[in-house]
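Structural features, examined
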Amino acid sequence: MMEHVATDPNTASPAGNDKPRRPRRTRMTGAERRQQLLEIGRTLFAAKGFEGTSVEEIAAKAGVSKPVVYEHFGGKEGLYAVVVDREMRQLLDMVTGSLTAGHPRELCEQAAFALLDYIEEYTDGFRILVRDSPIPQSTGSFASLISDIATQVEDILGREFKNRGFDPKLAPLYAQALVGMVALTGQWWLDARKPKKAEVAAHLVNLAWHGLDGMEANPHLIGRRKN
């Protein structure tokens, strides 16, 4: 006697057809679809840039039609703006959240590590941030982000300047210089990845700290040009 095998009505094939039916696709909620599109857009923008990425490709990767992308973000520009905004907040939170030490030199170390950690853990995001924004009036740019981070360390430098008898009003200038140095080195390390992260951080702090340690209260130029 032949044994009867139960079949799943969702996958059973009609008589005379050996091919099983495709399983039903799980329907995403609006929030889940939005998150999926953000992750796909982030990957494509990092690999191809804004101009090299199309709405068609984003939709195809997500398995949806183009109108779905427009429904959630209004187009490629809207999706890009949200991706950039999320990455900027992530990096800013990592840097500002790392500044917990009491000693100024360790604060420099923490800031350097925070940026290098972000590059290592959120490589796609960093690649997007360091590209020039193709959108007029974008939600932000790498330059504005660096300025935001520098603002966070102005108070720290200002207190250190005051303790050493320097003009605290110059703290914003030095904050921009220090953060910019770390950021540009991070861009180089993004592809080089040598030496190791801790060694890069140590060398950055070496230059920054010993530069501050030997800083003149009233620096002067030694060349002929004076203005």
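This structure is a prediction, so every number in the text was calculated from the model and none was measured. (Residues numbered from 1 in each chain as written. Predicted model: local features only at pLDDT ≥ 70, side-chain atom pairs only at ≥ 80, totals over all residues. Heavy atoms only, no water.)

1. Topic: the confidence of the model for the protein
Overall, the prediction assigns the protein a mean pLDDT of 83, with 84% of residues at 70 or greater. In this model, residues 1–9 is a region of pLDDT below 50 whose contacts with residues beyond four sequence positions or in other chains number two contacts. (pLDDT = per-residue confidence, 0-100. Contact = heavy atoms within 4.5 Å.)

2. Some remarks on the nonpolar core
Core analysis: the largest hydrophobic core is formed by 59 residues, its most contacted members being Ile 58, Leu 91 and Leu 129. In terms of residues, this core owes the most to one element, helix α7 (residues 142–164), which gives nine residues. Ignoring sequence-local partners within four residues, the contact set of Ile 58 consists of Leu 37, Ile 40, Leu 44, Phe 45, Thr 53, Val 69 and Leu 79. (Core = buried A, V, L, I, M, F, W, Y, C linked by side-chain atoms within 4.5 Å. Buried < 20%, exposed > 50% of the residue type's maximum accessible area, 1.4 Å probe, protein only. Helix = DSSP H or I, 4+ residues; strand = E, 2+ residues; numbered from the N terminus.)

3. Re the packing of helix α5 (residues 104–121) against helix α9 (residues 197–213)
Look at α5 against α9: their axes get within 9 Å of each other, and the N-to-C directions meet at 140°. Between α5 and α9, the interaxial angle falls into the category oblique. The handedness of the crossing between α5 and α9 comes out as right-handed. Listed contacts from α9 to Pro 104, Arg 105, Cys 108, Glu 109, Ala 112, Phe 113, Leu 116, Asp 117 and Glu 120 of α5 are Lys 197, Ala 198, Val 200, Ala 201, Leu 204, Val 205, Trp 209 and His 210. Classifying every residue of the contact of α5 with α9 gives eleven nonpolar, one polar and five charged. (Axes fitted to C-alpha atoms, helices over the stretch in contact; angles between N-to-C directions. Parallel < 35°, antiparallel > 145°, perpendicular 65-115°, else oblique. Left-handed = near helix turned anticlockwise from the far one by under 90°. Nonpolar A, V, L, I, M, F, W, Y, C, P; charged D, E, K, R; others polar.)

4. A closer look at the layout of surface pockets
If a probe as big as a water molecule is rolled over the atoms, it shows which places are left empty. Of the voids in this model, the largest pocket is the one considered here, and its volume is about 160 Å³. Lining the largest pocket we find Arg 27, Met 28, Thr 29, Gly 30, Arg 33, Val 64, Val 68, Glu 71 and His 72. Every element with two or more residues in the lining of the largest pocket is listed here: α1 (30–48) and α3 (66–73). A per-element tally of the lining of the largest pocket places α3 first, with three residues. Its residues assigned to classes, the lining of the largest pocket comprises three nonpolar, three polar and three charged. (1 Å grid on protein atoms, 1.4 Å probe; cavity = no way out; pocket = protein on both sides within 12 Å on 5 of 7 lines; lining within 4 Å. Points joined across faces, edges and corners; volume = space filled by probe spheres on them.)

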